[in-house]
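Structural overview
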Amino acid sequence: MTTSLWFVLAYLVGAIPTSHWVARGFRGIDLREHGSGNLGATNLYRVLGWRYAVPVGLFDIAKGAIPTAWFASLAHGDAVMSIALGLSAVLGHVFSVFVGFRGGKGVATGAGVVLGLLPFAFAVAVATWGALLFLTGYVSVASLAAAAIFPVAGYLLHPEARHTLWLQLLLAGAVIVLHRANLRRLLNGTEPRFRRRSEGGTS
């Protein structure tokens, strides 16, 4: 398989609209018309609860990890290709061809990319995410902090992958840019907390 086809396949794996299909298949609802309208695990939690959100979140992580770790290996690619394939999966999740180029905000799939290539940085990012979610109640704050700490942890804990720092920064920057609406709501004091089943949120 050519390199370009591996990137197309990575995009298509990332584009699987897990939360949309679960909400439509099990409850007969269009998740785009409920909660924040976002097709990610957090909005699925807000609308349907943990029972549906946890397996979807784990699947979304796998959508990033599989192209990063497995596809790159099959294609005999290096670390740069691994991250690039992972970024293709994140783009697929955010702009899914299966649902009119709408999707989630790429946090879980981006976490899968980190897990596939930089597991120690992944552990730091997850710990940061969990701590900030517990302390603040805001998924957006937790996600932004995890995205910001990830390239720092990657640089310090994975010296063998320092040549990919620019791609790590690109991934972190993409997550932050996709949360610009959440940043505005945080500054305005209108961002809802995770434990509330209300409008807004992130995924």
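An account of the accompanying structure is given in this report. (Residues numbered from 1 in each chain as written. Predicted model: local features only at pLDDT ≥ 70, side-chain atom pairs only at ≥ 80, totals over all residues. Heavy atoms only, no water.)

Right, let's get into the overall build of the chain. Along the backbone of the chain there are 10 helices and 0 strands. Mapped in sequence order, the helices and strands of the chain form the string α-α-α-α-α-α-α-α-α-α. Here the chain has a C-alpha radius of gyration of 16 Å; the compact-globule value for 203 residues is 17 Å, and the two agree. Structurally, the chain occupies a C-alpha span of about 45 × 35 × 25 Å along its principal axes. Expressed as a percentage of the 203 residues in the chain, the buried residues total 50%. A sequence separation of at least 24 residues applies to 64% of the contacts in the chain between residues at least 6 apart. Total accessible area on the chain stands at roughly 9500 Å², and carbon and sulfur atoms take up 69% of it. (Helix = DSSP H or I, 4+ residues; strand = E, 2+ residues; numbered from the N terminus. Rg over C-alpha atoms; globule rule 2.2 N^0.38 Å. Buried < 20%, exposed > 50% of the residue type's maximum accessible area, 1.4 Å probe, protein only. Contact = heavy atoms within 4.5 Å. Areas by Shrake-Rupley, 256 points an atom, 1.4 Å probe, with all protein chains shown as cover.)

Glancing now at the pattern of salt bridges. Two side chains bearing opposite charge may form a pair once their charged atoms approach each other closely. By the definition in use, this model includes 4 salt bridges. For the salt bridge of R24 with D30, the shortest nitrogen-to-oxygen distance reads 3.3 Å. Measuring nitrogen to oxygen at the nearest pair gives 3.3 Å for the salt bridge that ties D60 to K63. Of this pair, D60 and K63 both sit in helix α4 (residues 50–74), separated by 3 residues, roughly a single helical turn. (Salt bridge = Lys/Arg side-chain N within 4 Å of Asp/Glu carboxyl O.)

Together, M1, L5, V8, L12, W21, L91, F95, V97, F98 and F101 line one region of the surface with nonpolar side chains, adding up to about 990 Å² of accessible area. With 3 residues, the single largest contributor to the nonpolar patch is helix α1 (residues 3–14). Relative to the elements of secondary structure, W21 occurs in helix α2 (residues 18–27). Judged by its relative accessible area of 47%, W21 falls in the partly exposed class. (Patch = residues over 30% accessible without salt bridge, like charges linked within 9 Å, V, L, I, M, F, W, Y side chains within 5 Å.)

In this section: the environment of V175. Structurally, the position occupied by V175 is in helix α9 (residues 165–178). Overall, V175 belongs to the buried group, its relative accessible area being 8%. V175 has contacts with G106, V107, S143 and A147, leaving out every residue within four places of it along the chain.

Before going further, it helps to spend a moment on the environment of A72. The topology assignment puts A72 in helix α4. The exposure class assigned to A72 is buried, which follows from its relative accessible area of 1%. In sequence terms A72 and A84 are 12 residues apart; their C-alpha atoms lie 9.2 Å from each other. Once residues lying within four places of it in the same chain are set aside, the contact partners of A72 are P67, G77, S82 and L85.

Here the distance between the centres and the angle between the planes together describe a pair of aromatic rings. Using the criterion set out here, one finds 5 aromatic pairs in the structure. Look at Y45 and W50: their rings are 4.9 Å apart centre to centre, the planes differ by 55 degrees, and that puts the pair in the tilted class. Classification of W50 by relative accessible area gives exposed; the value is 52%. Between the aromatic rings of W70 and F71, the centroid separation amounts to 5.9 Å while the plane-to-plane angle is 45 degrees, which identifies the pairing as tilted. Given a relative accessible area of 6%, F71 falls into the buried group. Among the aromatic side chains, those forming a connected cluster through ring pairs are W6, W70 and F71. R162 extends its terminal NZ or CZ atom over the ring of Y155, reaching a point 4.2 Å from the ring centre. (Phe/Tyr/Trp six-rings, centres within 6.5 Å; stacked < 30°, edge-to-face > 60°. Lys NZ or Arg CZ within 6 Å of the ring centre and 35° of its normal.)

Let us now look at the packing of α4 against helix α6 (residues 107–117). Axis angle and axis distance: for two packed helices, these are the angle between their axes and the distance between the axes, and together they describe the pair. At their nearest, the axes of α4 and α6 sit 6 Å apart, and the two run at 45 degrees to each other. One element, α4, and the other, α6, form an angle in the oblique class. In this structure, α4 meets α6 at a crossing whose hand is right-handed. Within the contact between the two elements, α4 uses G57, D60, I61, K63, G64, A65, T68 and A69 and α6 uses A108, T109, G112, V113, L115, G116 and L117. Of the residues belonging to the contact of α4 with α6, the class tally is 7 nonpolar, 6 polar and 2 charged. (Axes fitted to C-alpha atoms, helices over the stretch in contact; angles between N-to-C directions. Parallel < 35°, antiparallel > 145°, perpendicular 65-115°, else oblique. Left-handed = near helix turned anticlockwise from the far one by under 90°. Nonpolar A, V, L, I, M, F, W, Y, C, P; charged D, E, K, R; others polar.)

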